[in-house]
Amino acid sequence: MSLTRGVASRNMRNFNPHTPSSWEFSGFSQNGEDGIIEHLLRGVREPNKYFVEVGASDGLENNTTWLSMTRRFSGMWIEGDPVLSASSRETFGPYNHGVEVVNLFVTRENAAELTRRMVHTNPDIFSLDVDGTDYYLAQSLFANGFKPKMCVVEYNSAFGPDARLAIPYDRPRSAMLEPRSKLYYGCSVNGWRTAFSDWGYKFVTVDTNGVNAFFVDPAQFSMELIQQCTGLAFAENYAQRREFQVAWEGQWEKVRDLPFLEIEPRGESPQLANASVVQR
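These numbers come from a predicted model, not from an experiment. Numbering of residues begins from 1 in every chain and follows the order in which that chain's sequence is written. Given that this is a predicted model, residues contribute local features only at a pLDDT of at least 70 and side-chain atom pairs are listed and counted only at 80 or more, while totals for whole chains, interfaces and linings are drawn from all residues. Only hydrogens and water are set aside; all other atoms, that is, all heavy atoms of the structure, feed into the side-chain values.

Draft legend 1. Region of interest: a positive patch on the surface. A contiguous patch of positive charge on the surface is contributed by Arg 42, Lys 49, Arg 71 and Arg 72. Structurally, Arg 42 is set in the loop between helix H2 (33–40) and strand E1 (50–54). Here the term patch refers to residues with relative accessible area over 30% and no salt bridge, with like charges joined within 9 Å and nonpolar side chains (Val, Leu, Ile, Met, Phe, Trp, Tyr) within 5 Å. Reported accessibility uses the Shrake-Rupley method at a 1.4 Å probe radius. Residues are deemed covered only where the shown protein chains occlude them. Throughout this description, the term salt bridge denotes a Lys or Arg side-chain nitrogen within 4 Å of a carboxyl oxygen of Asp or Glu. Charged-residue counts in this description rest on Lys and Arg as positive and Asp and Glu as negative, His and the chain ends being excluded. Note on charges: their place is set at NZ of Lys, CZ of Arg, CG of Asp or CD of Glu. Comment: elements are numbered from the N terminus, with helices defined as DSSP H or I runs of at least four residues and strands as E runs of at least two.

The structure is reproduced here in structure tokens:
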């Protein structure tokens, strides 16, 4: 069914190479990521047809199943939930033996172990979505020699378009009370842009549902494809807007008193700060 949905939504697009929002379609992805990834892959100079996805869930909804099923990509799915890992292994294992399913809750401490298990530490595509400490996991992977050609990372639109914020690695217990715990996760889009710039990447776009940001490594990428397009710098998470019935500014008010890490540019050491004093 997902394959049929993907083909239908791809064919129904009004595709424009200059407009990343027109690239979107969803087969197994939730927010049009399949289409953006598929188009950006055309710019990879020396493809190895390998992916790494942290937070792969059960495989029925993620950012690399489409590549596995339709492009015969191999890769690694990392999922901390043993039930979801077992489900993806059982459902998709018979169709692509090149995909390794790893049941692992990724931390800063085991990032080196994870990179050692990879067939390629420079995969064509890296996807990260763990709804929490995403920034720290990416930081640790890159520090251990990981250098993907393209990266897709979830951002938190409740933090707005300009702030360079991530939640602390260890969230305070008081912050986990409902309902605002659903807004206290991850990293802002500008925080990701700052970090990825320091790691040598170029920002491309976010998806129109306000969930993911896309980056490419200029050293491994045909920049002609990127230079001819105008990406979307920020979009609100449509699901959060619907659930909380307020725009991102109202969502921010619910969590601004909690502690945050402010991500500094140009390789400076980030300091833990209280977000209520960060000027917006």
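We are not done yet, so read on.
Draft legend 2. Spatial organisation of the nonpolar core. Counting residues in each nonpolar core, the largest one holds 53 residues, and the members touching the most others are Tyr 135 and Trp 192. Looking at this core, the element that brings in the most residues is helix H6 (residues 134–143), giving six residues. Contacts of Trp 192, omitting those with residues within four sequence positions, involve Leu 128, Asp 134, Tyr 135, Ala 138, Val 153, Glu 154, Tyr 155, Cys 187, Trp 199 and Phe 215. We define the nonpolar core as a collection of buried residues of types Ala, Val, Leu, Ile, Met, Phe, Trp, Tyr and Cys that are connected through side-chain atoms lying within 4.5 Å of one another. A 1.4 Å probe rolled over the protein chains alone gives each residue an accessible area, and that area as a share of the maximum for its type sets the label: buried under 20%, exposed over 50%, partly exposed in between. The next biggest cluster of nonpolar side chains, apart from the first, holds 28 residues, and it includes Leu 40, Val 44, Trp 66 and Met 150. The criterion used for residue contact is that any of the two residues' heavy atoms lie within 4.5 Å.

Draft legend 3. Region of interest: the side chain of Thr 64. If you trace the backbone, Thr 64 turns up in the loop between E1 and helix H3 (65–70). A 3.5 Å cut-off defines polar contacts: any pair of N or O atoms within that distance qualifies, except that in protein one atom must be a possible hydrogen donor and the other a possible acceptor, and neighbouring residues in sequence count only when both atoms are side-chain atoms. Side chain to side chain, Thr 64 and Trp 77 meet in a polar contact 2.8 Å long. Every residue in contact with Thr 64, bar those within four places of it in the chain, is listed here: Phe 51, Glu 53, Trp 77 and Ile 125.

Draft legend 4. Just H2, in detail. With eight of its eight residues buried, H2 lies for the most part within the structure. Turning to H2, its buried residues number three or more, namely Glu 33, Asp 34, Gly 35, Ile 36, Ile 37, Glu 38, His 39 and Leu 40.

Draft legend 5. Main features of the side chain of Asn 31. Mapped onto the elements, Asn 31 comes out in the loop between helix H1 (2–11) and H2. Residue Asn 31 is classed as buried on the basis of its relative accessible area, which comes to 5%. At 3.1 Å, the side chain of Asn 31 and the side chain of Asn 209 are in polar contact. Apart from the residues lying within four places of it in its own chain, the contact partners of Asn 31 are Glu 24, Ser 26, Asp 207, Asn 209, Val 211, Asn 212 and Tyr 238.

Draft legend 6. Representation of the layout of surface pockets in the model. Residues are said to line a cavity or pocket when one of their atoms sits within 4 Å of a point; the points come from a 1 Å grid over protein atoms alone, cavities being sets where a 1.4 Å probe fits but cannot get out and pockets being open sets with protein on both sides within 12 Å along at least five of seven lines. Grid points are joined across faces, edges and corners, and a volume is the space filled by probe spheres set on the points. Considering only enclosed or pocket space, the largest pocket measures out at about 820 Å³ in volume. If you trace the largest pocket, you find 37 residues lining it, with Gly 55, Asp 129, Val 130, Asp 131 and Glu 154 closest to the centre. Mapped by element, the contributors of at least two residues to the lining of the largest pocket are E1, strand E2 (74–79) and helix H9 (238–244). Looking at the lining of the largest pocket element by element, the count peaks at three residues for H9.

Draft legend 7. Up close: the pairing of E1. A large share of E1 lies buried, amounting to five of its five residues. Residue alternation in E1 divides its side chains into two sets, Tyr 50, Val 52 and Val 54 and Phe 51 and Glu 53, and both sets are buried. Inspection of the sheet shows E1 paired to E2 by five bridges, in the parallel sense. Following the sheet pairing, Phe 51 is matched in E2 by Gly 75. As a crossover connection, the stretch from E1 through H3 into E2 is right-handed. Should DSSP find at least two bridges between two strands, the strands are taken to pair. As defined by bridge partners, E1 adjoins strand E4 (residues 125–128) across four bridges and the pair is classed as parallel. Looking at E4, one finds that Val 54 is bridged to Leu 128. Note on handedness: a clockwise path from strand one over the helix to strand two, with the strands aimed away from the viewer, defines a right-handed crossover.

Draft legend 8. Spotlight on the sheet that holds strand E5 (residues 150–154). Spatially, seven strands are ordered E3-E2-E1-E4-E5-E8-E7 in an open sheet, and the strand pairing comes out mixed. Pairing within the sheet leaves two strands with one partner each, and these edge strands are strand E3 (99–103) and strand E7 (202–206). Here the average twist between neighbouring strands, direction ignored, is 15°. Axis definition: a line fitted to C-alpha atoms, over the contacting stretch in the case of helices. Angles run 0 to 180 degrees between N-to-C directions. Most of the contacts of helix H4 (residues 82–92) go to E3, to which it runs at about 165°, and overall it touches E2 and E3.

Draft legend 9. Seen up close, H6. Counting buried positions along H6 gives eight out of 10 residues, so the element sits mostly inside the fold. Within the span of H6, buried status applies to Asp 134, Tyr 135, Tyr 136, Leu 137, Ala 138, Ser 140, Leu 141 and Phe 142. Packing partners of the buried residues in H6 comprise helix H5 (111–117), E4, E5, strand E6 (165–166), helix H7 (189–198) and strand E9 (259–262).

Draft legend 10. Here's a closer look at the pattern of salt bridges. Taken as a whole, this structure holds seven salt bridges when the rule is applied. The partner of Arg 180 in a salt bridge is Asp 257, and the shortest N-O contact between them spans 2.8 Å. Of this pair, Arg 180 sits in the loop between E6 and H7 while Asp 257 sits in the loop between helix H10 (248–255) and E9, and the two are 77 residues apart along the sequence. Arg 256 is the partner of Glu 253 in a salt bridge, and the nearest nitrogen-oxygen pair spans 3.0 Å. Under the relative-accessibility criterion, Glu 253 is labelled partly exposed at 49%. Judged by its relative accessible area of 25%, Arg 256 is partly exposed.

Interpretation note: all reported values are geometric properties and have no functional meaning in isolation.
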